[in-house]
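Each chain, letter by letter, is given below.
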Amino acid sequence: MGFSFLSNLFLYLLPLSLIPVILHLFFKKKPRHILFSDIRFIKMAARHVTPRKNIRQWLLLIVRCLTLIFLCLAFARPVGYISGFKGEKSNKQLAILIDCSYSMGYLDAGKTRLSKAKELAINLIDRYSDKLKQICVVSFSNSVEQYSGLTNNTELLKKFVQDITLTNNDTSLIPAVNFVYKIFSEFQNSDQSIVIITDMRGNLFGYKQKIENFDPKVKIVFVDVSEGKSQNVFIKDVSYSDLTFTFKISIFNSSETEQTRTLSLFIEDRNIFDGLVRIPPLKEFNYEIKSTQIDNDSEELWGKVQLSLDNLPSDDIFYFSFPVEGHKKILIVDGDPKLGFNINSETFYLNTVLSDKEYGNFIIKTYNPDEFKSIISLEKYDVVFLCNMAELNENNLENILCETIFISLGDKVDIKKYPDWIRENIENLVETEVSFSERQNGTDIFSDLDQFELKKIIFYKHFKLNNLNSREILNFGNGDIALIGKQINSKNIFIFASTIDRDWTNFPSKPFFPYFIRTIAEQRYEKQQQQNRFILEIKEPILYTSKTPVRFFDLTDPDGKKLQPVINVHPQETSIGYNGTNFPGIYELKFNSEKGTEFRHFAVNLSRKTDEGNLSKIDENPINQIFNGSPKTFVKFQKSPEDTAKEILLVLAGRELTKTFFTIVLILLGIETAITKFL
Amino acid sequence: MAEKLKYIDPLTLLKLGNLHLRARYVVEGLISGLHRSPFKGSSLEFSQHREYAPFDDLRYLDWKIFGRTDRFFIKQYEEETNLRAYILLDSSSSMSFKSEKNIDKLTYSVNLAASLTYLLLCQDDSVGLAVFDKKINSFIPPRANFEQFSTIANILENLKPGLDTEIHQSINEFSRYLKKRGLIIFISDLFDSPEKVMFSIKQLRFKHHDVIVFHVLDPCELNLIYNGPVIFESIENKQDSVYTEVQDIKEHYSSLIKSFIQEYKIGFQNSGIDYSLITTDTPIELGLGTFLASRKK
């Protein structure tokens, strides 16, 4: 509670309240010294009386001081404000910030939080219009959405508030506060206040945490429009693996009780899955849907995952669009086929690992070295495994259409017949028993090494590798390099120091081997996925780049409305961009290419980065840190907007307390009389 | 008040010459006031006759012998002292206390003691004196002649306040001087432990001595007459002091001192000891009156 005074001059009389203390301390009677016959009875009497008398005296002193203080203050006509909201200046500005992020769409007793916020704002404008000179209304989500301008035209302000609609954005209060501070900075010597009407959810400040034009004199009132405990479940993320045809759906329950929802998966418009999910309280839950119904020949997979709708329906749907690579093509060239592909050949082990349908979907071709040499025009492959090749022709390697080449060595290898850019990394043959080092420090593609017993993988022979123009990926325990990676002519080249059959090692029979080979095989897929993004967030631009010539673009929004994308045509590629994904849903791009009419679908979702659907409340600590030094108070939405507006009015405009202070003086005088008489 | 006016107040009494004169004034004034002669007792007993010699008092002529023998014989009486009185006077430093407009307790007690001595000697009783503070400082064995008054008066007139009071110790010491039963007149402010004091005095009573206690207090000791903040310092030990606002403790002090007096009063009464509380503003005759009244019993 803060105070200001209408008749400040009386405050100069406040030192008078020290009169009783001065009298007590400095005008004490000097005691007489009296020689007395026997002082034991005086001592006894003093012991009996003095403590009570001391208490009485101190009480009287305090009461008299307080009486004088309150008397001075009463004459100074005090006005009380909650949390230091003084209003001494006549010039006043009030900014009402209304949160219109999508979490404000949460339904409390059939009414959205935004509609409650709007009702409150209108009430506030009505009540303040006499007292505050200028009011502005700002609607905000993660940026300033709309601004009414500073005015005292209440009708205009009310109309403005009524027109505020829910956005599909998450919340970030800072840009809106910055905006208001900037407006306020134009007014000097003025009482300025900001009323922020929001649901006070955890990540209220979004990514930004610092106010640029901060002014500690501006008073802040936070109004929480949420009622009771929110119960919201939302889909946080959806991913898809076209190797395993598995959807991984991450669902978050922000309520304090377990929630049960139906989960549906739609591919395009077909509902291919319905199930019931239970999500523990305040936890993220991952749900996997494995489907075999997906058309393998399609280049993309789009649709939506939907939970049964709750009080905040907007975050219960997640749109997706995944590029599908189709079957991966693998070429295995075995330099030592050993009477066909018998059990101890590289071909056998590679086939065993890569043909497992549970983990991948590969088309595998196997050539012997002569076949490999004789092919002039190769097909395009994703990965080429060159195992124990006696020689490697430079032209052959250059002509091969692939993203990744994996070269394993062996007893057939004649390093002299290898191209220079491979030979430079291979040194002599070492016949020492080694195993993989348990402490791999250079690996960038194997992330789960900890789960394998690398020490049990033994190599009896290996070529010593160096890291010239390359990077170390795996090492042996003795420090020698086991696997290096390098980039040659936009190809990923991996050179492995030993064999991948059981001639020089037990590696193929160990659990690490399938993971090792599949990780190499999947390298190209990850790189491709990064090029075009098909799952976007609201306001994120659609950007599509095609390396083949395309024409006749047609972009439509989720409602089927045609949009105007920006097209950039370059000799080698054509890019299409569109800024204006304001609604969640599937945006469809239609174009003509060499293959005929093609479609690309872009899934636009509400922002999940700041967990807007997580409705747990924000602490006061971050608010205090960000608005450090500002007088601020927190008001909870009352049963009606009128009551809430009254409370905010009390906070901002204060109440004259002269009568209260005079009453206190009378009470103090009564207390003084009582102490004098009865104590 | 009317009664008081008949007597001379102690302060005025002090102006009446020496102690002898004051004692005589008090005693004779008292006796005339009482209209009863102390000499009418049977304190003289016939011993023998002797022949009249010039200047003998004619009052003692035995006229019956003269009638029978026609010769003058004087009746000779054997002096009989049936009362040995001891005045036990407290001269501790606490007795030097006096309030405004009053004499100090020691001076009052000295005059009271002198008057009692005079009175008793007038009755031909033998009177002795013991002055004490922590111990017996002077002791005069009892005698019945009037020279005894001079001896006692001489000591009393030169008496100065002594040290702390140890009443019970002094009484115990005094009891060793007592050979025969007698009357013990105890004059003190009794500022000591009541239990110990009463125990010692009761011991005297158990030895069949008559005991009269004159409890001499200053009026101010009964009711504190001061006001405002006061630091009270003990006369007996000036290191011992207490600061207080007198008006705050007055009431409680009065009740404490009253219960202190009451304790003595009840204690002595229960043991058959005459107890008399005298304040220093009381005329000494009244103190003597109390004494005589108690002796009449």
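Structure: above.
A quick note: this is a predicted structure, and the numbers were derived from the prediction, not measured.

Some thoughts on the pattern of salt bridges
Under the criterion given, the structure shown has 33 salt bridges over all chains. Asp-414 of chain A is the salt-bridge partner of Lys-417 of chain A, the closest N and O atoms lying 3.9 Å from each other. Residue classification places Lys-417 of chain A among the partly exposed positions, given a relative accessible area of 45%. Overall, Asp-414 of chain A belongs to the partly exposed group, its relative accessible area being 29%. Salt-bridge contacts for Lys-105 of chain B lead to Glu-221 of chain B; the nearest nitrogen and oxygen are separated by 2.7 Å. Taken together, the positions of Lys-105 of chain B in helix H5 (residues 105-122) and Glu-221 of chain B in helix H9 (residues 219-222) put the pair 116 residues apart, joining distant regions of the chain. Taken together, the shared-partner salt bridges in this structure form one network comprising Asp-108, Arg-113, Lys-116 and Glu-227 of chain A.

Topic: the interface of chain A and chain B
Contacts between the two partners involve 21 residues from chain A and, on the opposite side, 33 residues from chain B. On the chain A side of the interface with chain B, the three residues burying the most area are Phe-36, Ser-37 and Phe-41 of chain A, jointly 25% of the side's total. For the interface between chain A and chain B, the tally reads two salt bridges. A salt bridge links Lys-43 of chain A to Asp-240 of chain B; the shortest N-O distance between them is 2.4 Å. Here chain A is connected to chain B by 11 residue pairs in polar contact (both at pLDDT 80 or more). The set of elements that each furnish at least two residues to the side of chain A that touches chain B consists of strand E2 (32-36) and helix H2 (40-75) of chain A. Here the side of chain A that touches chain B is composed, by residue class, of 11 nonpolar, three polar and seven charged. Both E2 of chain A and strand E8 (residues 229-234) of chain B contribute to a ladder of five bridges, which runs parallel.

Focus: the sheet that holds strand E15 (residues 283-290) of chain A
Residues and elements named next belong to chain A. The strand order E11-E12-E15 describes an open sheet built from three strands, whose pairing is antiparallel. Looking at which strands have only one partner, the edges of the open sheet turn out to be strand E11 (233-241) and E15. Each neighbouring strand pair of the sheet contributes to a mean axis angle of 20 degrees, computed without reference to strand direction. Relative to E15, strand E12 (residues 246-253) runs antiparallel, the two sharing eight bridges. Residue pairing for E15: Thr-246 is matched across the bridge by Lys-290.

Criteria and thresholds
- Residues numbered from 1 in each chain as written.
- Chains lettered and ligands numbered in written order.
- Predicted model: local features only at pLDDT ≥ 70, side-chain atom pairs only at ≥ 80, totals over all residues.
- Heavy atoms only, no water.
- Salt bridge = Lys/Arg side-chain N within 4 Å of Asp/Glu carboxyl O.
- Buried < 20%, exposed > 50% of the residue type's maximum accessible area, 1.4 Å probe, protein only.
- Helix = DSSP H or I, 4+ residues; strand = E, 2+ residues; numbered from the N terminus.
- Contact = heavy atoms within 4.5 Å.
- Buried area = accessible area lost by both parts, 1.4 Å probe.
- Polar contact = N/O pair within 3.5 Å; in protein donor to acceptor, adjacent residues only side chain to side chain.
- Nonpolar A, V, L, I, M, F, W, Y, C, P; charged D, E, K, R; others polar.
- Pairing = 2+ DSSP bridges.
- Axes fitted to C-alpha atoms, helices over the stretch in contact; angles between N-to-C directions.

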